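Results of the structural survey
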Amino acid sequence: MKSSILRAGVVALACALGLSACGGGSGDLYLAGVVQNVTKDGLVLQNNGGDDTNVVYPYTSFQFGNRVSTDDQFDIKVKSIPSNARECTVNNGHARANYYTIGQISVTCSIKQHALTANIVGLTTSGLVIINGADRHDVPAGTTTVQMATVNEDGAYGVTVLQQPSGQACTVSGGGGANNGTGTMGATETTTVTITCT
Amino acid sequence: MKFSLARQAFALAITLTLASCGGGGKATFPINVTVSGLQYPGLILSTNGQDLAVNPPATAGQDVTAVFPNQLEYGQTYEVTPKGATIANHVYTDGNQPKHQQCAPTLFPAYGTAGQLAKIDIRYACAILYYELSGTVNGLKGTGLILANGSTAGTIGVNPVLDTNNTPTGAPVAFAMNPVPYNTTYGVTVLTQPTNPSQTCTVTGGGNGTGGGTMDDDAEKAGGVKNLVVTCQ
């Protein structure tokens, strides 16, 4: 008899503690995760249709304002994406909360890509090599256009001459404000730099 | 009579079962190796006094599988390391790595005891080495200078040196771009010129003298490209 009363008491106490810890809507688990390929403001996430959360600089992670309790259903969706993102997807964003599931959430965006074209003027000899960082292109004599690798919207580019052609000297112009083949890729679809060889 | 026949058949069955278990002598364990990301020759793996040279795959990007010449017996311990590596807490440094790359165990530990697992399957993953790309900015007095390596690996902001009155002195400032992988080109450009006071900065140095080049064998030998000069006027 005594022991059964004691047992009931302990269970009741444990229940009460558990409930108070949960707190009905502001539980003890932070709903958070990492984000990838976000470079500017504009990514807003929602949980269960509310609790809007902005992903802010340095754009590496997010954490919802409201905590959740173990076994609460969470359903994270993308409300809006940054202007330079093509799409953002939530991974493992729909589950019942526990220490495992809340550690598996991430959001991955893909950034809009834009063409970068180099117009070549007056190239009559061989040997010209142009680069945009790690993107390398051999340019044979007589070439008039080189399609460089696409560049992230809002990302930097800087086309330079890695190697001059034999007997000619080439300079790079166009692009962004400095007019020397460098700039930041805008939202317009094509950016052209010009390489003039004399 | 019928029963005794059955008994004999049973005895035969047991004999057959036993033979299939241990009839071939002691169980031995081949040391299988799978290496991913290998691009250059030179990797030699070593364990239990045996060496295994692992060469790049015929088709770039594929995994390489290999087996050490001798098998292990049950209970023998192994630890597959680059040959001659320094071993500290199962972390291997130096040793016979491939050129321009560094390989390390991945997924599973590269050590254990034969028989612990049904199959010994050592996994190594190799990554290309990255080298420093750095230099000095001279004469910088304005703010907002941003350097880029084309569209590769982000941009770097450089601020002028200030004296005790917060006046820019124009003293040289060291800078480092993000490291560059072996055999990859780099071309450092000025993305944003400094303002207040307005200045024009130009890049020299690097492999081609104008801030560009390839992280080639010479650059690798030198530990990277450290001779970039950005001159601001």
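Treat the numbers as computed from the prediction; the structure is a model and nothing was measured.

This part is about the overall build of chain A. The secondary structure content of chain A amounts to one helix and 16 strands. A total of 198 residues make up chain A; the buried ones form 31% of that total. Nonlocal contacts in chain A, meaning residues at least 24 apart in sequence, comprise 64% of its contacts between residues at least 6 apart.

Let us look at the interface of chain A and chain B. If you look at the interface, chain A gives 16 residues, while chain B gives 18 residues. Elements supplying a minimum of two residues to the side of chain A that touches chain B: β10 (128–132), β11 (135–139) and β13 (156–163) of chain A. Of all the elements, β13(A) adds the most residues to the side of chain A that touches chain B, at six residues.

To continue, consider the nonpolar core. Ranked by size, the top nonpolar core spans 43 residues in total, and within it A:Ala118, A:Ile130, A:Val159, A:Ile195, B:Val137, B:Leu147 and B:Val230 carry the most contacts. No other element matches the five residues that β13(A) contributes to this core. Core analysis: the second largest hydrophobic core is formed by 18 residues, B:Leu43, B:Leu45, B:Ala110 and B:Ile122 among them.

Below, the discussion takes up the sheet that holds strand β4 (residues 50–54) of chain B. Residue and element names in this part refer to chain B. Spatially, β4-β3-β8 is the arrangement adopted by the three strands of the open sheet, whose pairing is antiparallel. Both outer strands of the open sheet, β4 and β8 (81–82), are each paired with one neighbouring strand and no more. Where strand β3 (residues 43–47) meets β4, five bridges bridge the pair, whose relative direction is antiparallel. From the neighbouring strand, Leu 45 faces β4, where its bridge partner is Leu 52.

Residue and element names in this part refer to chain B. The sheet built from four strands is open, its strands ordered β17-β14-β21-β19 with mixed pairing. Looking at which strands have only one partner, the edges of the open sheet turn out to be β17 (173–181) and β19 (201–204). Neighbouring strand axes in the sheet, compared pairwise and without regard to direction, differ in orientation by 25° on average. Here four bridges tie β19 to strand β21 (residues 224–232), and the two strands are oriented antiparallel to one another. The residue of β21 that forms the bridge with Thr 204 is Val 229.

Once that is clear, we can look at the domain arrangement of chain A. All names here are of chain A. Domain assignment breaks chain A into domain 1 (23–111) and domain 2 (113–197). In this structure, domain 1 and domain 2 have C-alpha centres spaced 39 Å apart. On the side of domain 2, four residues touch domain 1, which itself brings four residues to the contact. Classifying every residue of the side of domain 1 that touches domain 2 gives one nonpolar, two polar and one charged.

Parameters at a glance
- Residues numbered from 1 in each chain as written.
- Chains lettered and ligands numbered in written order.
- Predicted model: local features only at pLDDT ≥ 70, side-chain atom pairs only at ≥ 80, totals over all residues.
- Helix = DSSP H or I, 4+ residues; strand = E, 2+ residues; numbered from the N terminus.
- Buried ≥ 20, exposed ≤ 12 C-beta atoms within 10 Å, placed from the backbone.
- Contact = placed C-beta atoms within 7 Å.
- Core = buried A, V, L, I, M, F, W, Y, C linked by C-beta atoms within 7 Å.
- Pairing = 2+ DSSP bridges.
- Axes fitted to C-alpha atoms, helices over the stretch in contact; angles between N-to-C directions.
- Domains from an automatic or database assignment.
- Nonpolar A, V, L, I, M, F, W, Y, C, P; charged D, E, K, R; others polar.

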